[in-house]
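As a plain string of letters, each chain reads:
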Amino acid sequence: MTDIARACGVSQATVSLVLNNAPGTRISAATREAVLAKAEEINYRRVNPDRGRRPLIAMLINEASSSQHVGGLIDGVAGAAAELGLMALMLPTGEDEAVEAAAIDLLARLPVVGVIYARLITQAVKPPPSLAAWPTILLNCHTSDALFPSVVPGDLAAGITATLALLDAGHQRVGFIGGDQIVEAARERLKGYRRALAMRDVPYDPALVVKGGWTISGGRDGLHYLLDLRDPPTAVFCFCDRTAIGVYAAAAEAGLRIPEDLSIIGFDNEDFSADLDPPLTTMELPHADMARHAVEELHRPVSLPKSRPSHQRMKFDCPLVKRRSVASRRQVLEQSAAAADPRSRSQL
């Protein structure tokens, strides 16, 4: 294929697309004829795709082992590909441009019908322009120029949902232990927190917002800071479930009961969140659903050759997973009053 590309003055990716008769590509008839003629001239023989060879969905991702979140992305791609009769090829690149170039060179030799360019943490990216040789969709990342369609989680909407859940439970003092502001998800969830306060006419108090990162110690330190305020919060929205673990620990150290004295919502729905005491109410990252959608969008040109993924940013909702770490403020006050003096209940 390298010889054919050199002789025809085209890229190796173009040669691969022509020889594999990839659907949905924009290659001129003249280029296609030149490639096929040169292939016949040098007696190029390709593997018969009908002999057990499936079309490929290739996934280029920067990291594949540093976080539990990668599992949802990979499982979603692999599962959807298998259901659609495709093979999934995972290529970790470490965000190294040379490795990305080598991976793309490899893809040009394979029957690739689409490429998923993914990031472990939601962020803006600059994908290699050579990916335009295939239908390509960005997974958990996006570009400013909308050159490629993208699928990302709706972190801002999730921040609204979590904060409203606490406000609607009767909590007027809601703290936010957020992540590092260089992380897009942290900025978006904080925006959602502030927007939810505005939706319920609750004044924003910057003293209730602290940075905890995504660590247990950050959650512990963050809650200790909040509890030292003159008017501490009765509920806390955490950037992630690991931060929530630290909040649980700090609450126990302060002699607070969850959810009677402090309601908590986490984020990510990690496996351990259901095993905390009490089980943690949290937001679910829709990584698996996002990945499945990306594969299905790339599969559309296979069944509908004239269609390609639309150039838009698709945001997936993060569902609220309700457990027992959130309590109604009114019910808690009623129960406390009744325990102290049954006659006082009628005065609430």
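In this report, the structure presented in the accompanying data block is examined. Every value quoted in this text rests on a predicted model; they were computed, and no experiment measured them.

1. With respect to helix 8 (residues 216-227)
A rise of 1.5 Å per residue sets the reference length of helix 8, with its twelve residues, at 16 Å; its end C-alpha atoms lie 17 Å apart and thus fit the reference within 8%. When helix 8 is considered as a whole, its buried residues turn out to be Gly218, Gly219, Gly222, Leu223 and Leu226. The buried residues of helix 8 occupy one face: seen down the axis, they fall within an arc of 125 degrees. Where the residues of helix 8 are buried, they touch strand 6 (174-178), strand 7 (209-211), strand 8 (235-238) and helix 9 (241-253).

2. Some words on the packing of aromatic side chains
To describe a pair of aromatic rings, you give the distance between the ring centres and the angle between the ring planes. Counted under the stated rule, the structure contains four aromatic pairs. Geometrically, the ring pair formed by Phe176 and Phe237 is tilted, given 5.1 Å between the ring centres and 40 degrees between the ring planes. Placement of Phe176 in strand 6 and of Phe237 in strand 8 is noted, with a sequence separation of 61 residues between them. Judged on exposure class, the residue Phe176 and its partner Phe237 are both buried. Centroid distance Phe237 to Phe267: 6.5 Å. Interplanar angle 35 degrees. Geometry classified as tilted. Taken together, the positions of Phe237 in strand 8 and Phe267 in strand 9 (residues 263-268) put the pair 30 residues apart, joining distant regions of the chain. Phe267 carries the same exposure label as Phe237, and that label is buried.

3. Focus: the pairing of strand 8
Burial along strand 8 is two-sided: Ala235 and Phe237 and Val236 and Cys238, pointing in opposite directions, are all buried. Strand direction decides the pairing type here: strand 6 and strand 8, joined by four bridges, are parallel. Looking at the pairing, Phe176 lines up with Phe237 of strand 8. Across three bridges, the pairing between strand 8 and strand 9 is parallel. When the bridges of strand 9 are listed, Ala235 appears paired with Ser263. Chirality of the crossover, the property in question, places the unit of strand 8, helix 9 and strand 9 among those that are right-handed.

4. Considering the packing of helix 6 (residues 155-167) against helix 7 (residues 184-199)
At a minimum axis separation of 7 Å, helix 6 and helix 7 run at an interaxial angle of 45 degrees. Judged by the inter-axis angle, helix 6 sits oblique to helix 7. For the element pair helix 6 and helix 7, the recorded crossing hand is right-handed. Along its contact with helix 6, which presents Asp155, Leu156, Gly159, Ile160, Thr163, Leu164 and Leu167, the element helix 7 presents Ala185, Glu188, Arg189, Lys191, Gly192, Tyr193, Arg195, Ala196, Leu197 and Met199.

5. With respect to helix 9
Here helix 9 spans 19 Å end to end across 13 residues, near enough to the 18 Å set by a 1.5 Å rise per residue. Residues of helix 9 that are buried: Asp241, Thr243, Ala244, Gly246, Val247, Tyr248, Ala250 and Ala251. Immediately beyond the C-terminal end of helix 9, within one or two residues, lies Gly255, with a positive phi of roughly 75 degrees.

6. Re the sheet that holds strand 12 (residues 320-321)
Overall, mixed pairing links the six strands, which are arranged 7-6-8-9-10-12 in an open sheet. Only two strands of the sheet have a single neighbouring strand rather than two, namely strand 7 and strand 12. Pairing geometry for strand 6 and strand 7, over three bridges, is parallel. Paired with Ile177 across the strands is Val210, a residue of strand 7. Where helix 7 meets the sheet, its contacts fall on strand 6, strand 7, strand 8 and strand 9, and the angle it forms with strand 6 comes to roughly 170 degrees.

7. Looking at the side chain of Thr136
Tracing the backbone through its elements, the reader meets Thr136 in strand 4 (residues 136-142). A distance of 2.9 Å separates a polar side-chain atom of Thr136 from the backbone oxygen of Leu131.

8. Thoughts on the environment of Pro259
When you line up the elements, Pro259 lands in the loop between helix 9 and strand 9. The spatial distance from the C-alpha of Pro259 to the C-alpha of Val332 is 8.9 Å, given a sequence separation of 73 residues. Residues contacting Pro259, with those up to four places away along its chain left out, are Pro278, Arg324, Ser325, Val326 and Ala327.

9. Focus: the pattern of salt bridges
Applying the stated criterion across every chain yields a total of 14 salt bridges. Arg119 is paired through a salt bridge with Glu95; the nearest N and O atoms lie 3.9 Å apart. On the criterion of sequence distance, the pair formed by Arg119 in strand 3 (residues 112-124) and Glu95 in the loop between strand 2 (87-92) and helix 5 (97-107) is long-range, its members being 24 residues apart. We classify Glu95 as partly exposed; its relative accessible area is 43%. Three or more residues are tied together by salt bridges with common partners; here these are Glu95, Glu100 and Arg119.

Criteria and thresholds
- Residues numbered from 1 in each chain as written.
- Predicted model: local features only at pLDDT ≥ 70, side-chain atom pairs only at ≥ 80, totals over all residues.
- Heavy atoms only, no water.
- Helix = DSSP H or I, 4+ residues; strand = E, 2+ residues; numbered from the N terminus.
- Expected span 1.5 Å × (residues − 1).
- Buried < 20%, exposed > 50% of the residue type's maximum accessible area, 1.4 Å probe, protein only.
- Arc of directions from axis to C-beta.
- Contact = heavy atoms within 4.5 Å.
- Phe/Tyr/Trp six-rings, centres within 6.5 Å; stacked < 30°, edge-to-face > 60°.
- Pairing = 2+ DSSP bridges.
- Right-handed = clockwise from strand over helix to strand, strands pointing away.
- Axes fitted to C-alpha atoms, helices over the stretch in contact; angles between N-to-C directions.
- Parallel < 35°, antiparallel > 145°, perpendicular 65-115°, else oblique.
- Left-handed = near helix turned anticlockwise from the far one by under 90°.
- Polar contact = N/O pair within 3.5 Å; in protein donor to acceptor, adjacent residues only side chain to side chain.
- Salt bridge = Lys/Arg side-chain N within 4 Å of Asp/Glu carboxyl O.

Keep in mind that these numbers describe shape and distance, not what the molecule does.
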